[in-house]
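Notes for the structure review
Listed below are the residues making up each chain.
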Amino acid sequence: MNNFGDTDFLSALDDNIDNPSITGFFIEQAVLSYIGSQGLNISKGICSPMETVMFAGNYPRYNMQRKLALYCPLKFNLQAIDGIIVRLERPKGRAKGKCFMFPLQITVARSHSDSESAFFNQWTNWTKEMNLNKFDVGVEFLWITDKGASADNVSIGTKQLRSGDKVTNPKYTTCNVPLQIIGQEIWDRYQLALNYSKNRSVPTNMEVDEEPEAAEQGGPSGSRIEGSQGTKGGVKEGGEVGYGWDEEDDSKKKGKRKRKELKERWEKGWKELKFTSADIHTL
């Protein structure tokens, strides 16, 4: 994974914000990189920078000597999660150690598949590299989204089999962590891209009409002839001559100039707020 200071994954958001897949990828990479370099600011002992360990395949091989690490898949769009933080408190004497697992699912989509079920359906595989006889395991499943903060406790799950009850998931907590808490800079850039997208979209039905041709009777287009009002160039019913422009046309021209001015202001603001590598290193 590229370091957040080396590659600003959000620099292309303005051009791709209307593509949910690309937007999701950029946000995911930025968040994972930020967590690795800054930590995850929700206490739980994971607020400090941590080593990022990439793993091939579907499941990591945990290094039980690392007290704190972020494990990320090399495989794009892993079915269950985008990464997992593991924090260890080693055993002391005969007492068991503690292992805290934080599976991460990062999304700004309106809806998402049930990552929690997908993760716990393979609970044995996610923990087979651990010596669970020496550790008590606690799990908090973290959804990182653009929604508000929330938390719920989930009871242990079991499934009845002929051989007896099988544990499908341990007791755990599911939390929604707002993207804004992860990194204000990421949140601001995402919001700016959304607003930029809205303001660069110009309704096609508000384009200014072409300049009307000169009236057959009554002077060139755009000239005002006394004695008529509110019509385009030409002859009104009854032989009355029009101006060659009307209030509606003038309003459309003003609207177009206003939209152009807003677009230029957003583009200027966007360029001024883009991060440089030097800026990111100081986050």
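Residues numbered from 1 in each chain as written. Predicted model: local features only at pLDDT ≥ 70, side-chain atom pairs only at ≥ 80, totals over all residues. Heavy atoms only, no water.

Here's the deal with the sheet that holds strand β4 (residues 97-106)
- Spatially, the 7 strands line up as an open sheet ordered β1-β2-β3-β4-β5-β9-β6, and their pairing is mixed. Every interior strand has two partners, whereas the edge strands, β1 (51-55) and β6 (150-154), have only one. Along the sheet, successive strands turn relative to each other by an average axial angle of 20°, direction set aside.
- Here 8 bridges tie β4 to strand β5 (residues 135-145), and the two strands are oriented parallel to one another. Residue pairing for β5: G97 is matched across the bridge by F135. (Pairing = 2+ DSSP bridges. Helix = DSSP H or I, 4+ residues; strand = E, 2+ residues; numbered from the N terminus. Axes fitted to C-alpha atoms, helices over the stretch in contact; angles between N-to-C directions.)

Looking at the packing of helix α2 (residues 20-38) against helix α6 (residues 184-200)
- For the pair α2 and α6, interaxial distance at closest approach is 10 Å and the crossing angle is 165°. It follows from the interaxial angle that α2 and α6 lie roughly antiparallel. For the element pair α2 and α6, the recorded crossing hand is right-handed. Two secondary-structure elements touch here, α2 through T23, I27, A30, V31 and Y34 and α6 through E185, I186 and Y190.
- Its residues assigned to classes, the contact of α2 with α6 shows 6 nonpolar, 1 polar and 1 charged. (Parallel < 35°, antiparallel > 145°, perpendicular 65-115°, else oblique. Left-handed = near helix turned anticlockwise from the far one by under 90°. Contact = heavy atoms within 4.5 Å. Nonpolar A, V, L, I, M, F, W, Y, C, P; charged D, E, K, R; others polar.)

Side note on the packing of aromatic side chains
- All told, the structure shown has 11 aromatic pairs when counted by the stated rule.
- With 6.1 Å between their ring centres and 55° between their planes, F25 and F26 make a pair best called tilted.
- On the numbers, 6.3 Å between centres and 55° between planes, the contact of W187 with Y190 is tilted. Of this pair, W187 and Y190 both sit in helix α6, 3 residues apart, roughly one helical turn. (Phe/Tyr/Trp six-rings, centres within 6.5 Å; stacked < 30°, edge-to-face > 60°.)

Focus on the pattern of salt bridges
- Across all of its chains, the model carries 5 salt bridges by this definition.
- K96 serves as the salt-bridge partner of D136, at 3.7 Å between the closest nitrogen and oxygen. One end of the pair, D136, is in strand β5; the other, K96, is in the loop between β3 (83-89) and β4, with 40 residues separating them in the sequence.
- In this structure D136 comes out as partly exposed when scored by relative accessible area, which is 42%.
- Between K147 and D146 there is a salt bridge whose closest N-O contact spans 3.0 Å.
- For D146, a relative accessible area of 25% translates into the label partly exposed. (Salt bridge = Lys/Arg side-chain N within 4 Å of Asp/Glu carboxyl O. Buried < 20%, exposed > 50% of the residue type's maximum accessible area, 1.4 Å probe, protein only.)

Side note on α2
- Here α2 contains 19 residues, and its C-alpha end-to-end distance of 26 Å stays within 8% of the 27 Å for a straight helix at 1.5 Å per residue.
- Along α2, the positions that sit buried rather than exposed are T23, F26, I27, E28, Q29, A30, V31, L32, S33, Y34, I35 and G36.
- Of the residues that open α2, the one with a side-chain oxygen 3.1 Å from the backbone nitrogen of S21 is N19.
- Positive backbone phi, approximately 90°, marks G39, located one or two places after α2. (Expected span 1.5 Å × (residues − 1). Polar contact = N/O pair within 3.5 Å; in protein donor to acceptor, adjacent residues only side chain to side chain.)

So, the nonpolar core
- With 32 residues, the main nonpolar core has I27, V31, I35, I85, I144 and L179 as its most contacted residues.
- Once you skip the residues sitting within four places of it in the chain, I27 turns out to touch L10, L13, I106, V108, L179, I186 and Y190.
- Counting 25 residues, the second-largest nonpolar core is a separate cluster that includes I84, L88, C99 and Y172. (Core = buried A, V, L, I, M, F, W, Y, C linked by side-chain atoms within 4.5 Å.)

Comments concerning α6
- In this model, α6 (17 residues) spans 24 Å end to end at C-alpha, consistent with the 24 Å of a helix rising 1.5 Å per residue.
- What α6 keeps buried is the set I186, W187, R189, Y190, L192, A193, Y196 and S197.

Some remarks on the environment of V154
- Summarising the element assignment, V154 is placed in strand β6.
- Taking the C-alpha atoms as reference points, V154 and N169, 15 residues apart in sequence, are found 9.2 Å from one another.
- With sequence-adjacent residues up to four places away left out, V154 is seen in contact with N169, P170, K171, Y172 and T174.

Describing the confidence of the model for the protein chain
- Chain-level statistics for the protein chain give a pLDDT mean of 75 and a share of 67% at 70 or above.
- Of all secondary-structure elements in the protein chain, the lowest mean pLDDT belongs to helix α8 (residues 277-281), at 35, while strand β2 (residues 68-73) reaches the highest, 96.
- Contacts of residues 1-7 to residues separated by more than four positions or lying in other chains number 20 contacts, the stretch itself having pLDDT below 50.
- Here residues 269-283 scores under 50 on pLDDT; set against residues more than four positions off or in separate chains, the count is 25 contacts. (pLDDT = per-residue confidence, 0-100.)

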